[in-house]
Each structure stands twice: as C-alpha cells, then as structure tokens.
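Examining the three-dimensional arrangement
Chain residues, written in single-letter form:
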Amino acid sequence: MREAAHPGQITAYPAQRTVPQGRAGRKDLFRDTPGRVARKSTTREPIIQESEAIEPEATRRDADVAESTRANRGWWDRNADEYQVEHGTFLGDDRFVWGPEGLDEVEAELLGPLEELKGKDVLEIGAGAAQCARWLAAQGARPVALDLSHRQLQHALRIGGSFPLVCADAGALPFADASFDLACSAYGALPFVADPVLVLREVRRVLRPGGRFVFSVTHPIRWAFPDEPGPEGLSVAASYFDRTPYVEQDEDGRAVYVEHHRTVGDRVRDVVAAGFRLVDLVEPEWPAWNTAEWGGWSPLRGNLIPGTAIFVCVRD
C-alpha cells in the first residue's frame with residue numbers, strides 16, 4: 001500500500017481523487033426509492049442520517065467523472081443505513097454472494113479453489129459493509145475492503161473484522177503496484193463510474209502477474225426493461241444501445257445519483273482495453289430456492305431473462 005491502513009479504523013483518502021463506486025449497485029438492486037424516509041434501524045449503531053426532503057427528478061443525461069463521483073458518494077452515505085437494514089439479512093455478515101440470484105462464492109469458486117485462498121492478498125472494491133472481505137478472511141485470505149462511502153464502511157466497523165478498511169477512489173487506488181493476488185467487486189464501483197477503463201486499469205496495476213479480478217454488475221440487457229419485478233418488467237421499454245446515463249437530480253439540477261450503462265460488448269472491450277484477459281462470463285440462473293424479490297429482481301424475471309453478469313478476468 002502507498003500508505004498504511006490498519007484494522008479497526010477507516011483509512012480515508014482525498015475526496016477529489018475519487019470516481020464513483022459503492023457496494024453493489026445499479027438502477028434497482030442497490031437503489032431503493034429515492035427520497036423515502038428511512039425506516040428505523042435494527043443495527044447496533046444509531047441511525048443519524050437524514051433523508052432528502054424533496055424526491056429527486058429521474059432523467060437521462062450526460063454525467064462526467066466528477067459529477068458522478070460526488071453524486072454517488074453522497075447517495076451511499078445518505079442511504080447506507082437503510083440499505084444495511086433492508087438487505088443485511090440476505091447479504092449476511094460474512095457471506096460472499098455475487099448478486100440477487102444468490103450465487104455464492106462457496107459454490108462458484110470464481111476466485112479460484114477455496115483451499116487456495118489461504119494467504120492470498122485480496123482487494124474488495126465497493127465493499128459496503130465488507131461482507132465479502134469478512135468471508136475471505138475466514139478462508140485464511142488477507143483482504144482489504146475499499147469503498148467510496150465512509151458511512152458504508154462505518155457499518156463494516158460495526159460488524160467487525162481484523163482487516164483494513166479504506167475509504168478511497170476506485171479510479172485512483174491508494175496501493176502500490178502489484179500489491180494483491182486477487183481483486184473482486186460484487187456490484188461495486190463499475191455500474192457507477194463514467195470511465196470504467198480507468199478503474200479496470202487501476203485494478204490491473206495493483207494486481208500481481210497472474211492475478212484475477214472478478215466483478216459482477218447488472219446484466220446489461222436489464223437496461224432495456226423497466227425496473228419492475230412483475231409482468232410489467234418483462235416488456236422492452238428503452239433501447240439497449242442507449243448509453244445515456246440514468247441520473248437523479250435535485251431541484252437545482254445537481255445529480256444526486258448516477259448510473260452508467262455499458263452493453264455486453266462494451267464491457268468485454270473495456271476489459272481488453274485495460275489489459276486483462278477475459279476467461280469467463282457467468283450469467284447466473286435464478287435458483288428454485290430463491291423466492292425473494294429485490295428491487296427489479298424476482299423469480300418471475302429471473303427465470304426468463306438474466307439479471308447479473310459476472311466477468312472473470314486475468315492479469316497476464
């Protein structure tokens with residue numbers, strides 16, 4: 001690492017160096033209805049966040065790196081408490097799930113065989129409350145949990161763990177070259193960044209030769225469908241090829257949430273442009289045991305169209 005990060009505290013880096021990221025997110029899975037009054041928390045830490053007084057306007061317009069960064073950091077800091085209350089049971093304290101289908105790393109082994117994780121240096125990007133990093137530590141790995149949102153990492157502190165927490169920018173990672181054996185991101189960072197190649201190049205830089213980066217995002221085909229779990233979410237409503245960002249903005253036109261769309265081809269080209277070799281693209285099927293609805297994810301839609309895309313990349 002360029003600077004020391006220690007367990008039991010959050011190491012923060014300058015905000016101006018950030019590009020947007022967060023724990024798993026996109027239009028619906030990690031974005032509940034904006035402007036809603038937060039429910040009472042069941043966590044062990046008091047809720048002190050305040051909801052926005054006015055519901056933002058949803059629109060489609062350009063949003064650059066700086067605007068996306070500021071908006072998404074603020075959104076996750078404001079909504080981290082409610083997010084952890086609503087979704088903490090599904091995520092668990094020390095479970096590694098790749099998306100709403102419930103695909104678990106215990107079964108998938110996308111980072112490699114479980115017995116080979118011991119002693120590996122692993123960077124989790126967009127860690128949120130660091131559930132995945134906590135699972136990695138239990139396997140004997142040496143994880144570092146990084147997130148753009150300070151409030152999300154406060155929840156990681158609340159749950160506990162013996163690994164470093166770093167509040168920093170996915171596009172300017174505060175680590176030396178070749179610091180990690182593996183990197184992972186379960187719905188973190190990539191859906192929110194205006195320049196995904198910048199993030200991917202940074203991840204490649206901090207990986208050692210032969211290192212693997214696995215990241216999951218909303219399946220790009222979902223961009224064409226409404227964010228609805230029922231039958232109304234099964235009809236195409238927008239162009240899959242329209243890359244115009246989804247933006248929620250306040251009454252002054254300032255973005256308070258931004259999400260960026262990439263097609264499947266875009267994602268593949270981004271991976272290659274960053275210097276990675278794509279070794280697998282996983283599209284998890286909806287399992288029979290999962291009867292939950294989460295945002296626009298549901299058994300109905302999950303049995304018909306993919307909801308998650310997982311990219312498995314190697315730094316040669």
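Heads up: the structure comes first, above all this text.
What counts, and where the lines are drawn
- Residues numbered from 1 in each chain as written.
- Predicted model: local features only at pLDDT ≥ 70, side-chain atom pairs only at ≥ 80, totals over all residues.
- Heavy atoms only, no water.
- Helix = DSSP H or I, 4+ residues; strand = E, 2+ residues; numbered from the N terminus.
- Buried < 20%, exposed > 50% of the residue type's maximum accessible area, 1.4 Å probe, protein only.
- Polar contact = N/O pair within 3.5 Å; in protein donor to acceptor, adjacent residues only side chain to side chain.
- Phe/Tyr/Trp six-rings, centres within 6.5 Å; stacked < 30°, edge-to-face > 60°.
- Pairing = 2+ DSSP bridges.
- Axes fitted to C-alpha atoms, helices over the stretch in contact; angles between N-to-C directions.
- Contact = heavy atoms within 4.5 Å.
- Parallel < 35°, antiparallel > 145°, perpendicular 65-115°, else oblique.
- Left-handed = near helix turned anticlockwise from the far one by under 90°.
- Core = buried A, V, L, I, M, F, W, Y, C linked by side-chain atoms within 4.5 Å.
- Salt bridge = Lys/Arg side-chain N within 4 Å of Asp/Glu carboxyl O.

**Some words on the overall build of the protein**
Helix and strand counts for the protein stand at seven helices and 11 strands. Buried positions account for 58% of the 316 residues belonging to the protein.

**Here we look at the side chain of Asn72**
Mapping Asn72 onto the fold places it in helix H1 (residues 65-91). On the basis of relative accessibility, which here comes to 0%, the residue Asn72 falls in the buried class. A polar contact is formed between the side chain of Asn72 and the backbone oxygen of Val258, at a distance of 2.9 Å.

**Section: the packing of aromatic side chains**
Going through the model one piece at a time under the given rule, you end up with 15 aromatic pairs. An angle of 80° between the planes, with centres 4.9 Å apart, marks the rings of Trp75 and Trp76 as edge-to-face. The same class applies to Trp75 as to Trp76, namely buried. An aromatic cluster is built from Trp75, Trp76, Tyr83, Phe192, Tyr246 and Tyr257, whose rings are joined through pairwise contacts.

**A few points about the sheet that holds strand S5 (residues 165-167)**
Within the open sheet, the eight strands sit side by side as S1-S5-S4-S3-S6-S7-S11-S10. Their pairing is mixed. In this open sheet, the two strands that pair with only one neighbour each are strand S1 (10-12) and strand S10 (277-282). For this sheet, the mean inter-axis angle between neighbouring strands, taken without regard to orientation, is 20°. Across the sheet, helix H5 (residues 196-206) is in contact with strand S3 (121-125), strand S6 (180-186) and strand S7 (207-218); its angle to S7 comes to roughly 145°.

**Focus: the environment of Asp177**
Along the polypeptide, Asp177 turns up in the loop between S5 and S6. A relative accessible area of 53% means that Asp177 is categorised as exposed. A C-alpha to C-alpha distance of 4.5 Å links Asp177 and Val206, two positions 29 residues apart in sequence. Setting aside its immediate chain neighbours within four residues, Asp177 contacts Arg205 and Val206. For Asp177, the side chain forms a polar contact with the side chain of Arg205, separated by 2.7 Å.

**A short note on the side chain of Ser68**
Positionally, Ser68 belongs in helix H1. The class for Ser68 is buried, based on a relative accessible area of 0%. There is a polar contact of 2.8 Å between the side chain of Ser68 and the backbone oxygen of Asp64.

**As for the packing of H5 against helix H6 (residues 264-273)**
Relative orientation and spacing of two packed helices are given, respectively, by the angle between their axes and the distance between those axes. Relative orientation of the contacting elements H5 and H6 amounts to 40°, with a least axis distance of 8 Å. As judged from the angle between their axes, H5 and H6 are oblique. In this structure, the crossing between H5 and H6 has a hand that is right-handed. On the side of H5, the interface is formed by Pro196, Val197, Leu200 and Arg201, while H6 contributes Arg267, Asp270, Val271 and Ala273.

**Considering the environment of Trp297**
Summarising the element assignment, Trp297 is placed in the loop between S10 and helix H7 (299-302). Along the sequence, Trp297 and Gly233 sit 64 residues apart, while their C-alpha atoms lie 9.5 Å from each other.

**With respect to the nonpolar core**
Within the largest apolar cluster, 30 residues are counted, with the highest numbers of intra-cluster contacts made by Leu123, Phe175, Val203, Phe213, Phe215 and Phe276. Of all elements in the fold, only S3, strand S4 (142-147), S6, H5, S7 and strand S11 (308-314) reach the threshold of two or more residues within this core. With five residues, H5 is the single largest residue contributor to this core. Membership of the second largest hydrophobic core comes to 18 residues, among which are Trp98, Leu110, Trp135 and Val282.

**Considerations on the pattern of salt bridges**
The full count for this structure, using the stated rule, is 14 salt bridges. Notably, a salt bridge pairs Arg95 with Asp104, separated by 3.2 Å at the nearest N-O pair. Across the salt bridge formed by Asp121 and Arg208, the nearest N and O atoms sit 3.0 Å from each other. A residue pair is termed long-range when its members are at least 10 positions apart, and Asp121 in strand S3 and Arg208 in strand S7 qualify at 87 residues. Here the salt bridges share partners, and the residues they tie into one network are Asp121, Arg142, Asp181 and Arg208.

**Observations concerning H5**
Of all 11 residues that make up H5, eight are buried, and the element is covered over most of its length. The set of residues buried in H5 consists of Pro196, Val197, Val199, Leu200, Glu202, Val203, Arg205 and Val206. At its buried positions, H5 is contacted by S3, S6, S7 and H6.

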